[in-house]
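Chain residues, written in single-letter form:
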Amino acid sequence: MNPFALMMFLTSLAIGTITTLSSHHWLLAWIGLEINTLALLPVMTKMPHPRAIEAATKYFLTQATASALMLFSCLINALQTGEWDINTPHNLMTNPLSLAIMMKLGLAPLHFWLPEVLQGISLSTGLILSTWQKIPPMILMFQISHSIDLGLMVIMGLTSVLTGGWGGMGQTQLRKIMAFSSIGHLGWIILILKLNPQLSLLSFILYIIMTTAMFLSLITLSTTKMSQISASWTKNPALTTTTMLILLSLAGLPPLTGFLPKLLITLELIKQNMMIFATLTMLTSLLALFFYLRLTYIIALTLSPNTHNSTTTWRTPMKYPLTPAIINVMALTLLPLTPTFLLM
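Quick caveat: nothing in here was measured; it's all calculated off a predicted structure.

1. Considering the UniProt feature "domain: NADH:quinone oxidoreductase/Mrp antiporter transmembrane" (unreviewed entry) in the protein chain
Next up, step 1: Taken from the UniProt record, the annotation "domain: NADH:quinone oxidoreductase/Mrp antiporter transmembrane" (unreviewed entry) applies to residues 23-287.
Next up, step 2: Here residues 23-287 runs as 74% helix and 0% strand, with 39 Å between its end C-alpha atoms.

Written out as structure tokens, the structure reads:
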């Protein structure tokens, strides 16, 4: 793609996000989301492959449906209350509005578009879709968290955690695994959104850090399948090792960063006397733990038949080694800062 065109589309992405984040008016927030969607479509199709075109079409149709439901809910809300302010109290249209935003996020059971779309696009575009594109809808969810029905949040959260674990178990494509991982993590975040928005925000930031680290590692290693990642040890041993640790961090194992949000969310659920939901969430997250451990096993304990006659080892040069290094360190070592986060 032309660098000037790519810069223009990425600038439009930033403008759409800033518009949504800074708006107190539902119509402006909706316009920002639309700018975001339309700016990403050309980036998705920068490689003119049938899978990319199919992914962009699916993404457009899903986002258009969610946007139509969101605009309809905002109009009915304005008709009822006489105002377009985002921070309006709970009314009849809050639940449809929440469902429209959840469809944009890709939460289960409105998640069917996310794995297929992520599978059809490149890793760099998948990084934008899994991190940057989640920010505007999630910020809107934070703004209306006080008026959302708690039952809806708990059901969507538990369904997403279950779907994220169950859907990723039989996958061999890394982009689909990352899509189901995204669904599962967002389920944890949504589960606690009504009860403790600050904790949800912290969990969302940590999710973005860990997902960015994983995608940057996959981009550097040029791997999109399990068979490729099993052969990545000879290319870059250090990065392959940190990729394995990032997978364990995404699984939520201590003493890595991913353990922090799961620990705090479970403690918050217990504090709110929601022991059953805390137990169910932890049990369903074991499904996701299975496919993370499966990937870790493939990376660390299997070696593909890649014997060669040369005694010198070939290594993959890294273009920008500092960015993945910083993100990878953050994705692995933030657990000791838990007391600081709690004080904040």
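After presenting the structure, the write-up continues.
2. What about a nonpolar patch on the surface?
Next up, step 1: A surface patch of nonpolar side chains, amounting to about 340 Å² of accessible area, comprises Leu263, Leu267, Ile270 and Met275.
Next up, step 2: The greatest single-element share of the nonpolar patch, amounting to three residues, is contributed by helix H13 (residues 259-271).
Next up, step 3: Mapped onto the elements of the fold, Leu267 is located in helix H13.
Next up, step 4: Residue classification places Leu267 among the partly exposed residues on the basis of a relative accessible area of 46%.

3. A look at helix H15 (residues 322-333)
Next up, step 1: The first and last C-alpha atoms of H15 sit 16 Å apart over twelve residues, in line with the 16 Å expected at 1.5 Å per residue.
Next up, step 2: Considered for burial, the residues of H15 that qualify are Pro324, Ile327, Asn328, Ala331 and Leu332. Mapping the buried residues of H15 onto a view down its axis gives an arc of 130 degrees, with all of them on the same face.
Next up, step 3: On its buried side, H15 packs onto helix H10 (197-221) and helix H12 (237-251).

4. Considering the side chain of Thr338
Next up, step 1: Within the secondary structure, Thr338 is located in helix H16 (residues 338-343).
Next up, step 2: For Thr338, a relative accessible area of 12% translates into the label buried.
Next up, step 3: Thr338 has contacts with Leu260 and Leu264, leaving out every residue within four places of it along the chain.

5. Details of the packing of aromatic side chains
Next up, step 1: In the structure shown here, the tally under the stated rule is three aromatic pairs.
Next up, step 2: Between the aromatic rings of Phe291 and Tyr292, the centroid separation amounts to 4.7 Å while the plane-to-plane angle is 40 degrees, which identifies the pairing as tilted.
Next up, step 3: Judged by relative accessible area, which is 0%, Phe291 ranks as buried.
Next up, step 4: On the basis of relative accessible area, Tyr292 is assigned to the buried category, the value being 3%.

6. Re the environment of Leu260
Next up, step 1: Looking at the element boundaries, Leu260 is found in helix H13.
Next up, step 2: Sequence separation between Leu260 and Ile327 is 67 residues; the distance between their C-alpha atoms is 16 Å.
Next up, step 3: Those residues in contact with Leu260 that sit more than four places away from it in its chain are Leu206, Leu334, Leu335, Thr338 and Phe341.

7. Here we look at the pattern of salt bridges
Next up, step 1: Counting across every chain of the model gives four salt bridges.
Next up, step 2: Between Glu116 and Lys58 there is a salt bridge whose closest N-O contact spans 3.9 Å. Of this pair, Glu116 sits in helix H5 (residues 113-120) while Lys58 sits in helix H3 (residues 50-81), and the two are 58 residues apart along the sequence.
Next up, step 3: Residue Glu116 is classed as partly exposed on the basis of its relative accessible area of 30%.
Next up, step 4: Judged by relative accessible area, Lys58 falls into the partly exposed class, the value being 29%.
Next up, step 5: The shortest N-O distance in the salt bridge between Glu116 and Lys176 comes to 3.3 Å.

Thresholds applied
Residues numbered from 1 in each chain as written. Predicted model: local features only at pLDDT ≥ 70, side-chain atom pairs only at ≥ 80, totals over all residues. Heavy atoms only, no water. UniProt positions renumbered as here; feature names shortened; annotations may be inferred. Helix = DSSP H or I, 4+ residues; strand = E, 2+ residues; numbered from the N terminus. Patch = residues over 30% accessible without salt bridge, like charges linked within 9 Å, V, L, I, M, F, W, Y side chains within 5 Å. Areas by Shrake-Rupley, 256 points an atom, 1.4 Å probe, with all protein chains shown as cover. Salt bridge = Lys/Arg side-chain N within 4 Å of Asp/Glu carboxyl O. Buried < 20%, exposed > 50% of the residue type's maximum accessible area, 1.4 Å probe, protein only. Expected span 1.5 Å × (residues − 1). Arc of directions from axis to C-beta. Contact = heavy atoms within 4.5 Å. Phe/Tyr/Trp six-rings, centres within 6.5 Å; stacked < 30°, edge-to-face > 60°.

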